[in-house]
Amino acid sequence: EAADDVSALGDISISKATKSSNGDEKVTTNGGYNSESTANATTDLDRPISVLFVDDDRILRRLGTRAMKSLMPNCYVRETDSGESAVRLCEVEEFDLIFIDQHMTTTTSTVEKMTGSDTIEALLCLRNGGICSIITGLSANENAASSFFAAGADNFQLKPFPCTRKDLEPLLLKLISTLDQKRAGTRKTNITSNTISSIDEII
């Protein structure tokens with residue numbers, strides 16, 4: 001079955017920790033990728049991150065899901081093939097990271113209803129203040145980046161989706177860091193608003 005072809009995952013493998021001459025620990029995979037191993041990076045990738053992957057290409061969804069689960073063993077991934085179903089999922093579930101394609105059709109219709117940028121605009125209108133997720137737009141056309149950012153996306157990634165450790169790991173760490181900053185900012189805003197309200201009540 002074509003969907004079981006995961007040759008793109010070849011560089012994702014069990015890592016081997018080694019000590020360099022200066023005592024620093026490096027991580028080496030059989031794909032030849034070396035990186036400085038830090039406690040923060042390891043902790044971030046071990047966190048129970050929830051992911052929504054939105055794309056009408058089933059094979060790409062499976063490859064992306066398996067690649068993320070290889071790097072983030074505790075992650076939870078939901079897949080869907082349309083913007084409409086993504087909005088319905090986000091009405092009842094919260095996701096940390098959302099990856100969404102720009103142009104999608106479904107198995108029941110060849111007519112596109114919502115583009116990725118349309119979907120992002122709809123997601124940001126949910127629950128009054130919108131969702132607190134990091135949204136990455138996906139497209140093989142780099143010109144789509146402007147549409148994604150105009151709609152409110154946090155990041156843009158050219159397709160094909162990165163499925164090798166050397167490409168996917170830095171992307172995930174970047175998105176998780178952005179997620180933490182965004183949520184810290186939201187908490188700070190809420191605290192400030194509450195403080196202002198309390199002062200107004202005193203006055």
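It should be noted that the structure appears before, not after, this text.
The following paragraphs examine the structure supplied in this document.

Calculation criteria
- Residues numbered from 1 in each chain as written.
- Predicted model: local features only at pLDDT ≥ 70, side-chain atom pairs only at ≥ 80, totals over all residues.
- Heavy atoms only, no water.
- Pairing = 2+ DSSP bridges.
- Helix = DSSP H or I, 4+ residues; strand = E, 2+ residues; numbered from the N terminus.
- Right-handed = clockwise from strand over helix to strand, strands pointing away.
- Phe/Tyr/Trp six-rings, centres within 6.5 Å; stacked < 30°, edge-to-face > 60°.
- Axes fitted to C-alpha atoms, helices over the stretch in contact; angles between N-to-C directions.
- Contact = heavy atoms within 4.5 Å.
- Salt bridge = Lys/Arg side-chain N within 4 Å of Asp/Glu carboxyl O.
- Buried < 20%, exposed > 50% of the residue type's maximum accessible area, 1.4 Å probe, protein only.

1. Some details on the pairing of strand β5 (residues 76-80)
Then, in step 1: Across 5 bridges, strand β4 (residues 50-54) lies against β5 in parallel orientation. Paired with L52 across the two strands is R78, which belongs to β5.
Then, in step 2: Taken together, β4, helix α2 (residues 58-71) and β5 form a β-α-β motif whose crossover is right-handed.

2. Quick look at unusual backbone geometry
Then, in step 1: The omega torsion of the bond from K159 to P160 falls at 10 degrees, within 30 degrees of zero and hence cis.
Then, in step 2: Within the secondary structure, P160 sits in the loop between β8 (155-158) and α6 (165-202).

3. Re the packing of aromatic side chains
Then, in step 1: If you walk through the whole model with that rule in mind, you get 4 aromatic pairs.
Then, in step 2: Seen from their ring centres, F53 and F161 are 5.2 Å apart, and the 75 degrees between their planes marks the pair as edge-to-face. With F53 in strand β4 and F161 in the loop between β8 and α6, this residue pair connects regions lying 108 residues apart in the sequence.
Then, in step 3: Grouped by ring-pair contacts, the aromatic residues F53, F99 and F161 constitute a single cluster.

4. Thoughts on the sheet that holds β4
Then, in step 1: As summarised here, the arrangement of the 5 strands in space is β5-β4-β6-β7-β8, forming an open sheet in which the pairing is parallel. The open sheet is flanked by β5 and β8, the only strands paired with a single partner. Across the sheet, the axes of successive neighbouring strands diverge by a mean angle of 20 degrees, strand direction being ignored.
Then, in step 2: Of the strands in this sheet, β4, β5 and β6 (97-101) touch helix α3 (residues 83-92), which is tilted by about 160 degrees from β4.

5. Some details on the pattern of salt bridges
Then, in step 1: Taken as a whole, this structure holds 9 salt bridges when the rule is applied.
Then, in step 2: Close ionic contact of D101 with K159 constitutes a salt bridge, the shortest N to O distance being 3.3 Å. On the criterion of sequence distance, the pair formed by D101 in strand β6 and K159 in the loop between β8 and α6 is long-range, its members being 58 residues apart.
Then, in step 3: Assessed through its relative accessible area of 5%, D101 is described here as buried.
Then, in step 4: One salt bridge in this structure joins D154 and K182, with 3.8 Å as the shortest N-O distance. One end of the pair, D154, is in the loop between α5 (144-151) and β8; the other, K182, is in helix α6, with 28 residues separating them in the sequence.
Then, in step 5: Residue K182 is classed as partly exposed on the basis of its relative accessible area, which comes to 27%.
Then, in step 6: Overlapping salt bridges bring together D44, R47 and D180 as one network.

6. Thoughts on α3
Then, in step 1: The element α3 is largely enclosed, with a buried count of 7 among its 10 residues.
Then, in step 2: Within the sequence span of α3, burial applies to G83, E84, S85, A86, V87, L89 and C90.
Then, in step 3: Its buried side turned inward, α3 meets β4, β5, β6 and α4 (116-123).

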